[in-house]
Amino acid sequence: MTALRERTVPGAPAVPRRRLGGAGRGVGDPIAQAFLLGWAALVTLPLLWAVVSSLKTDREILTSPWTPPATPRFDNWSRAWEQASIGSYFLNSAVVVGGALLLTMALGATVAYALARYPFRGNRLLYHVFVAGMLFPVFLALVPLFFVVKQLGLLGTYPGLILVYAAYALPFTVFFLHSFFRALPTEIAEAAFLDGCSHWGVFLRVMLPLARPGLVSIAIFNFLGLWNQYLLPLVLNPDPDRYVLAQGLAALSVSQGYRSDWSGLFAGLTIAMLPVLAAYVLFQRQIRTGLTAGAGR
């Protein structure tokens, strides 16, 4: 150990030591920051442009697309909400996504808890079946799914879409929550059992509150994915009166394009974006907490 120490000459100035990897971090940080700034601009600028365009007249959109509106036209939003039926599409999406989200979280949390905390024959096989469901392309199941929903009499109905949405989101929910329930301390559950708590009591009163970061995170992920879903309602929801928001925007883009009502089209697009942006802004801390907790397990 003495031979490995640095030798210093008396009276010579001390040379500061350099940490290993310091040069690499110094070069990589600006590049990473520049990449993140570029990515943020790539994502943010189109959204801002759509919002600004929703406050313009059709003439301003075509003649000066990159300048702010001379006078903000908030009546574009009210026209899109009432005349273009965005309000009806918004309500349909809220009913379908809300119902599917409640059903997915209830079933997903129960199944993930049972697979993570109760060993039984076929446990791992059932878990891998849910994982395999994440890898199955949904467009391959559209034709048989259409006939199944039609034979059940649920084609073009709220319950039909809610059940299909829940089945679509359930595999990822079980996969995500499995690690949270598996990492929860067993001692707390055993103490609850000693106090006379039942299995359902331990699950509802003890385990669910402890897994709250994961529950909030997966609920937000499911909301974002289901709110923007287009392929499933396009096949299973042919009734125009029950169109969800994605279907309504597609129909609106065709009709407003022929009418040259570009301001109404951008207003409808902005209204559709608002719930997604609000969910991320309000719950971004919970998303980071859930991802960090899941990564540490």
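The notes below deal with the structure included here.

Reading the values: the criteria
- Residues numbered from 1 in each chain as written.
- Predicted model: local features only at pLDDT ≥ 70, side-chain atom pairs only at ≥ 80, totals over all residues.
- Heavy atoms only, no water.
- Phe/Tyr/Trp six-rings, centres within 6.5 Å; stacked < 30°, edge-to-face > 60°.
- Helix = DSSP H or I, 4+ residues; strand = E, 2+ residues; numbered from the N terminus.
- Buried < 20%, exposed > 50% of the residue type's maximum accessible area, 1.4 Å probe, protein only.
- Lys NZ or Arg CZ within 6 Å of the ring centre and 35° of its normal.

## Quick notes on the packing of aromatic side chains
In this structure the tally under the stated criterion is 16 aromatic pairs. Centre to centre, the rings of Y113 and F181 are 5.5 Å apart; their planes meet at 80°, and the pair counts as edge-to-face. A residue pair is termed long-range when its members are at least 10 positions apart, and Y113 in helix α4 (residues 86-117) and F181 in helix α7 (residues 158-183) qualify at 68 residues. Given the relative accessible area of 0%, F181 is considered buried. When the ring of F172 is compared with that of F176, the centres are 5.9 Å apart and the planes differ by 50°; the resulting orientation is tilted. Placement of both F172 and F176 in helix α7 is noted, with a separation of four residues, approximately one turn of the helix. The class for F176 is buried, based on a relative accessible area of 12%. An aromatic cluster of three or more residues is present, and its members are Y113, Y118, F181, W200 and F203. A cation over a ring is seen here: R242 above Y158, with NZ or CZ 4.7 Å from the ring centre.

What is shown is where atoms sit, not what they do.
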